[in-house]
Every structure is written in C-alpha cells, then in structure tokens.
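Close look at the chain arrangement
If you want the building blocks of each chain, they are given just below.
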Amino acid sequence: MVSSGGTPEGPFDIALVEGTITEAWQVYELKKIRERTKYLFAIGSCAINGGIPAIKSTQPELEVQKRVYADLSPIHSIRPDTIVSYVAVDGDIKGCPPGERDLIEALTSVLSGRKPDFLEYSVCIECKIKTNICVLVAHGMPCMGPVTNAGCGALCPTNNRPCYSCWGPMKQANASALAKLFESTGMTPEDIVRRFTLFGSVTTEFRKTAERYET
Amino acid sequence: MKLNIDYIARVEGEGSVKLEIEEGTLKDLKLNIWEPPRFFEGFLHKRRFDEVPDIVARICGICPVSHMTTAIRALEKAFGFVPSPEVVKIRKIMALSQIVASHLIHLYMLAFPDYHRLHSVTQMLPGFELEIRRLIKMKEVVNNVTALFGGRPLHPVAMVVGGFTQLPSRDMVGKVIKELESIKDDAVQTLRMVSNLPFPDLTNDSEYVGLHGPSGYAINEGIIVSNDGIKIEEDGYYSVFKEDEVSYSNAKRTHVKGRGSLMVGALARLNLKFEMLHPDAKKAAEEIGFTVPDHNPFHNNIAQAIEIVHGISECMELLDGLNLKDSNIPLKLREGEGIALTEAPRGLLCHHYVVNRKGIIERANIITPTAHNFMSLEENLRKLIQQYINEEKEEIVLKCEMLVRAYDPCFSCSVH
C-alpha cells in the first residue's frame with residue numbers, strides 16, 4: 001500500500017491484484033474487490049500460477065507449518081492457491097517480477113476500450129528472436145523455456161542458464177513431453193518434480209506432470 | 001483511549017500498531033505484524049541448493065539481492081567453497097546498488113510525504129516535481145547497475161551459487177560508470193533534502209548491531225559487532241542472539257541474549273563504522289553536520305541518505321577495477337552446514353542451511369532485519385507515545401506511523 005488514507009471501499013475502474021491466496025479472509029477481500037471493480041487484472045506469478053509460495057502445496061501442510069512455528073495456534077494458513085481460481089479476471093499480467101510490456105498493455109487496452117493483447121507464446125520464441133543458441137538442445141541444460149510463457153526476453157538462456165519458468169506455464173503447454181525429454185537426459189524423478197513445482201505447482205499444466213514423477 | 005492503527009501504509013508489507021492510553025499513561029502497545037506467513041523455511045526443505053537463491057529472492061521485491069547473496073554465501077560455506085575475489089567484488093556492487101535503490105524508494109516515496117503532511121508520492125506533484133524527477137533518474141541508474149550483472153534489477157538470474165553465469169562487456173561497465181557519475185550530485189542533493197526534514201526528537205537505547213570488516217564498509221561479510229561489545233564471527237550468531245515467537249504477530253522477534261533489544265540498519269551501521277565510509281560520503285555527512293553516535297531513530301532516514309552517497313561512489317570504484325573473469329568456478333557438493341550474515345538495506349540478515357551430500361536442503365532458517373529491529377521499534381514507539389501523550393489522537397497516530405516508517409521495516413520479509 002503506497003498511500004495512507006484513500007478510498008479503500010471503491011468503486012474502482014481498474015484493480016491490479018497481486019499475491020497468492022494463503023489465508024481464508026483474502027478470498028473474502030478478493031471477492032469484494034471483484035464486485036466493485038470494472039477491470040480486474042491478476043498481476044505477477046503469485047496471483048496467476050501460485051508462484052514460489054505455492055511450493056508449500058507440494059508438501060503436507062502441517063509438516064511445513066511445524067518447521068516454522070512451534071506454536072501453531074495463532075496461524076491460520078490454508079493451502080496456497082492462485083487468485084484466478086477464486087474470481088474471474090480480465091487478464092493476466094504475467095511474470096516474477098511482472099512484465100512491463102504486459103502491464104502497459106493492460107492499462108492502455110482499458111483506456112482505449114479494446115481487448116488486451118498479451119504475449120501468448122513460449123520463451124523459445126524469444127530465444128529464436130534473439131538468435132540464442134538453444135541451451136536445452138545444444139548444452140543439455142534442463143530448460144523450461146518450451147513450456148514457459150514469454151515476456152522476460154528469454155533472460156535465463158541469454159545469461160547462459162536454463163529457464164526456470166518464473167513467468168509460469170504458457171497456454172496449452174506440453175509439459176509431459178518436456179518431462180520425458182528431461183528423463184531421457186538422465187535427470188532423476190526428484191529433479192523433474194522440482195523443475196515443475198518451482199513456479200506453477202498448482203496449475204493443471206505443471207501439476208499433472210509433476211505427479212507422474214512423484215515417488 | 002484505545003488506538004488501533006490497523007493498516008500502516010507506506011511500509012513494505014502488512015502490520016498494525018495497537019495501543020491503550022489511560023489517564024495520560026501508555027498502558028499497552030503491540031506491534032502486530034499480521035502479514036500472512038508464506039513458510040519459506042518450511043518448503044525449502046527437500047529443494048536443491050541451486051534452486052535456493054531463486055526461491056529466497058521472492059521473499060522480497062525490494063531486497064532480493066540480499067536474500068540471494070546471503071543464501072549463496074551460506075550454501076558455499078556449507079560446501080566449503082571459496083568464491084573468486086572478482087565474484088566477491090561483483091556481489092558487493094550488486095548489494096550496494098540494491099541498498100541505494102531501496103533507500104531511494106524509502107526516502108522519497110515512503111518517508112518524505114509524512115514530513116509535508118501528504119498521503120502518498122502521487123500527492124508530491126506538482127509541488128515536488130524536481131524531487132520526483134531526481135528520484136526516477138537515480139533509481140533508473142542504480143537499477144541498471146544491478147541489471148548489468150544480474151540480467152534484471154529484481155530477482156536477478158545470473159547470480160548463482162559459485163558465481164555468475166555471465167559477465168557484461170567492458171563497454172557496458174564503462175557506460176554504467178558514466179551513468180553513476182551523472183547522479184553523484186543528485187545523491188548529495190538527496191542528503192540535503194532529507195537532512196532538512198523536521199524530525200521529531202527521540203533517544204534510542206537499543207544496542208546497535210552490524211557487520212564490521214578489516215577494510216571498507218562491510219556489507220556482504222564481516223564479524224558481528226555492537227556498541228555494547230559484541231565481537232563474534234558469524235558462525236557464533238546463535239550464541240548471542242535468540243529469536244522468539246510472538247503470540248500477537250506472525251513475525252518472530254530477536255533479542256540479544258541476557259540484554260534485550262537491538263537496532264540494525266543504516267543508522268546502526270553509521271554508528272558502528274562511520275570511519276569506514278567512502279570519503280565522498282564522509283564529506284557529505286560533514287556538510288550537513290551529521291556526527292556519530294546519533295541516537296535518534298528518526299535519523300535512520302539521514303543515515304540512509306548518507307549511504308546513498310557512499311553506495312554510488314564505492315560502486316564506481318569497484319566497477320572501475322573489475323577484471324571480468326573467473327566468474328563461475330564449478331563446486332563440489334558435500335554434506336554440510338552454513339550460516340551467513342549480510343547487511344541488507346534494512347540491516348543484518350541471517351541465512352542458515354543444512355544440506356545433505358546431494359545438495360538437498362534438510363533445514364533452513366532465515367532471520368531478517370525487521371525481526372532484529374522488532375523489539376527496538378516497540379520500545380521506541382512506547383517512548384515516543386509518552387512524549388506526545390497529550391496530543392490529539394491524529395497526531396499520535398501520525399507520529400507512530402512516522403517512527404515505524406523511519407525504521408523502514410519490511411513486514412513481508414519478516415514473515416517470510
């Protein structure tokens with residue numbers, strides 16, 4: 001919150017909602033914001049694919065909580081989830097941190113009264129645009145680029161490391177095919193699971209694939 | 001009279017102050033950091049070491065570099081790995097650029113509006129256009145420094161356990177040095193602006209704790225020192241400090257064993273190692289008449305502005321002398337344990353990991369600057385309210401919020 005005072009009750013023209021749902025009251029607040037807002041955009045990986053906090057969902061809730069607090073009586077955490085699983089949104093401004101291009105696109109689309117045109121292709125395309133050598137094919141790095149939504153400008157492969165999917169899964173990502181490719185390079189099931197549960201562990205795209213390799 | 005400041009605005013994360021005044025005396029005060037916990041220490045369990053920097057970066061959108069560097073150093077210690085001197089230098093450049101960026105946001109966007117009775121940075125226009133322009137110019141330049149080595153200013157990607165996956169060209173480094181040169185005067189202007197703000201009087205009794213090194217202004221490594229005589233290696237952290245759960249807060253609270261509250265951050269650092277500052281920063285501090293020790297917690301704002309001057313000048317020198325090689329040495333995994341402390345923008349940050357021989361995390365503990373400052377902030381809020389106890393309710397609330405903001409707390413970090 002960057003301002004003291006203000007109009008917390010709305011109504012609002014545009015709301016940008018960030019963060020993972022981790023406590024029940026947030027759902028109530030979120031629905032209230034939805035009701036009072038014309039255009040609601042989910043912003044950032046946490047809101048859209050659960051982000052890093054959703055890693056918690058891959059382990060038994062109580063065990064994770066016990067590792068942090070001895071007294072759990074004041075703690076009211078629930079299984080982390082995305083905001084898009086609770087309310088309808090007018091678009092996703094993806095990324096961690098969120099991408100500038102899609103943020104500007106969201107705001108200008110509302111101002112000019114048109115549908116926002118977000119990037120909906122994989123990081124691979126961005127590597128091709130940059131004429132990067134493929135780190136997956138050429139260097140055998142476990143790159144998540146083929147299943148990850150574009151927007152970062154293929155930052156990791158450009159910096160000589162494999163993409164770790166901080167933009168989250170792209171639409172219709174073929175995660176299981178990529179997992180099979182990882183498997184064929186000798187990656188352990190545990191490492192494959194970790195790859196698909198860093199970002200997007202609560203999304204259908206990545207969850208199903210991760211489950212296939214869980215032991 | 002019961003007061004509940006239930007949503008302190010213009011700080012990082014979510015917290016509230018509850019207090020009760022009866023017949024001119026403060027009966028009770030609680031800092032309730034109600035930011036929902038994310039359980040980083042819980043879910044780091046069974047993750048691989050090389051994922052840790054990218055995971056812990058997400059604890060904070062302001063100081064990801066601090067969390068990454070601290071985690072990387074703790075893990076490298078666990079593996080018995082020593083990074084190259086060039087890598088150590090680049091990590092310091094990253095840390096300094098992030099400290100400057102964080103202080104800029106805090107001073108201009110979070111703290112400054114209070115002193116002109118404004119609610120937010122947007123209300124600073126049109127009256128403070130010059131200041132806003134200066135902020136944007138400086139922020140962009142220091143972001144470029146972080147991005148030069150990290151790939152992007154937030155959640156940098158090239159910084160990994162072992163070093164950096166990629167280094168910039170000499171030309172790119174030269175360009176950034178020039179950009180930094182162009183904001184040196186803006187840093188001095190920032191300090192003048194901040195030093196002229198009408199800070200309330202308050203005297204802090206908490207112990208100042210920070211890192212100290214043999215040469216230079218210690219940021220990413222050093223021994224832990226205090227003005228009350230602490231002088232220990234970072235591995236001895238738990239022998240001196242203890243973290244406790246607090247029934248009314250999701251953040252834990254740290255104290256000095258057998259003593260009590262501690263204060264970390266820019267003011268603590270200056271009180272402990274003013275002499276180690278870059279000459280440019282010392283000169284700028286002298287110009288505004290700042291001397292140490294300074295016990296007014298509101299002056300943490302001034303200390304931050306002095307560190308902005310320091311950060312820019314030291315970054316330029318470090319950049320100038322870089323070799324740009326030996327950036328990433330392969331490391332051997334082994335079973336181990338590592339504790340590392342760094343100076344994050346808001347003060348002392350501790351990461352502690354236990355890893356198995358495959359590099360899988362068995363245990364993780366993270367203690368943030370705001371957990372270190374928690375008790376001191378509560379104590380000084382009590383003192384401050386006693387000073388203003390006969391004022392109107394609105395005035396008490398404003399003063400409380402101003403002090404909370406002066407500490408520049410990161411509630412999000414504290415409830416990682």
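What you see is a predicted model, and the numbers here were worked out from it, not measured in a lab.

Cut-offs and rules
- Residues numbered from 1 in each chain as written.
- Chains lettered and ligands numbered in written order.
- Predicted model: local features only at pLDDT ≥ 70, side-chain atom pairs only at ≥ 80, totals over all residues.
- Helix = DSSP H or I, 4+ residues; strand = E, 2+ residues; numbered from the N terminus.
- Buried ≥ 20, exposed ≤ 12 C-beta atoms within 10 Å, placed from the backbone.
- Contact = placed C-beta atoms within 7 Å.
- Pairing = 2+ DSSP bridges.
- Axes fitted to C-alpha atoms, helices over the stretch in contact; angles between N-to-C directions.
- Parallel < 35°, antiparallel > 145°, perpendicular 65-115°, else oblique.
- Left-handed = near helix turned anticlockwise from the far one by under 90°.
- Nonpolar A, V, L, I, M, F, W, Y, C, P; charged D, E, K, R; others polar.
- Arc of directions from axis to C-beta.
- Core = buried A, V, L, I, M, F, W, Y, C linked by C-beta atoms within 7 Å.

When helices and strands are counted, chain B shows 14 helices and 14 strands. Seen through its principal axes, chain B has C-alpha atoms that stretch 65 × 45 × 35 Å. Sorting the 416 residues of chain B into buried and exposed places 53% on the buried side. Sequence separation of at least 24 residues holds for 72% of the intrachain contacts in chain B that already meet a minimum separation of 6.

Once that is clear, we can look at the interface of chain A and chain B. Opposite the 35 residues of chain A that make contact, chain B presents 32 residues. Within the residue set of the side of chain A that touches chain B, elements represented by two or more residues are β2 (21-23), α3 (61-68) and α6 (155-158) of chain A. If one sorts the elements of the side of chain A that touches chain B by residue count, α3(A) sits on top with 4 residues.

Residue and element names in this part refer to chain B. The antiparallel open sheet is built from 3 strands, whose spatial order is β1-β2-β3. The sheet is open, and its two borders are formed by β1 (2-5) and β3 (25-32), each paired with just one other strand. Ignoring which end each strand starts from, the neighbouring axes of this sheet average 10° apart. Along the sheet, helix α12 (residues 369-387) contacts β2 (16-22) and β3; its crossing angle with β3, the most-contacted strand, is approximately 150°. Contacting β1 and β2, helix α13 (residues 393-406) runs over the sheet at an angle of about 45° to β1.

This part takes up the packing of helix α4 (residues 85-115) of chain B against helix α11 (residues 300-320) of chain B. Residue and element names in this part refer to chain B. Look at α4 against α11: their axes get within 9 Å of each other, and the N-to-C directions meet at 150°. By the angle between their directions, the pair α4 and α11 is classed as roughly antiparallel. Here α4 runs over α11; the crossing is left-handed. Between α4 and α11, the contacting residues are Lys89, Lys92, Ile93, Leu96, Ser97, Ile99, Val100, His103, Leu104, His106, Leu107 and Ala111 on the first element and Asn301, Gln304, Ala305, Glu307, Ile308, Gly311, Ile312, Glu314, Cys315, Leu318 and Leu319 on the second. Classifying every residue of the contact of α4 with α11 gives 13 nonpolar, 6 polar and 4 charged.

All names here are of chain B. Spatial ordering of the open sheet is given by β12-β13-β14, a layout of 3 strands whose pairing is antiparallel. Each end of this open sheet is capped by a strand with a single partner; those strands are β12 (336-344) and β14 (361-367). Each adjacent strand pair in this sheet contributes to an overall mean axis angle of 10°, direction not counted. Both β12 and strand β13 (residues 347-355) contribute to a ladder of 9 bridges, which runs antiparallel. From the neighbouring strand, Gly338 faces β13, where its bridge partner is Tyr353.

With that out of the way, let us pick up the environment of B:Ser239. Summarising the element assignment, B:Ser239 is placed in helix α8 (residues 237-240). A C-alpha to C-alpha distance of 8.0 Å links B:Ser239 and B:Lys257, two positions 18 residues apart in sequence.

All right, on to the pairing of strand β9 (residues 241-246) of chain B then. Of the strand pairs in this sheet, β9(B) and strand β10 (residues 249-256) of chain B are connected by 5 bridges, and their pairing is antiparallel. Bridging across to β10(B), B:Glu243 finds its partner in B:Thr254.

On to the packing of helix α7 (residues 184-195) of chain B against α11(B), then. Residue and element names in this part refer to chain B. At a minimum axis distance of 9 Å, the contact between α7 and α11 shows a crossing angle of 170°. Between α7 and α11, the crossing angle belongs to the class labelled roughly antiparallel. The residues of α11 that touch α7, namely those facing Lys184, Ala187, Val188, Thr190, Leu191, Val194 and Ser195, are Asn301, Ile302, Ala305, Ile306, Ile308, Val309 and Ile312. Residues that form the contact of α7 with α11 fall into these classes: 10 nonpolar, 3 polar and 1 charged.

A few words now on helix α7 (residues 175-184) of chain A. All names here are of chain A. Residues of α7 that are buried include every one of Ala175, Leu178, Ala179 and Phe182, and no others. Down the axis of α7, the buried set is contained in an arc of 105°. They therefore lie on one face. Of the exposed residues in α7, the ones pointing more than 90 degrees away from its buried face are Ala177 and Ser184. After α7 finishes, the residue Gly186 shows a positive phi value of roughly 95°.

The next subject is the nonpolar core. Counting residues in hydrophobic clusters, the biggest one holds 164 residues, and the most contacted among them are B:Leu75, B:Ile306, B:Val309, B:Ile312 and B:Cys400. No other element matches α4(B), which puts 15 residues into this core. If we ignore the near neighbours within four places in the chain, the residues touching B:Leu75 are B:Phe49, B:Val52, B:Val161, B:Gly338, B:Tyr353 and B:Val355. Formed by 14 residues, the second largest nonpolar core is a distinct cluster that contains A:Ala15, A:Cys46, A:Ala47 and A:Ile48.

Treat this as a map of the structure, not an account of what it does.
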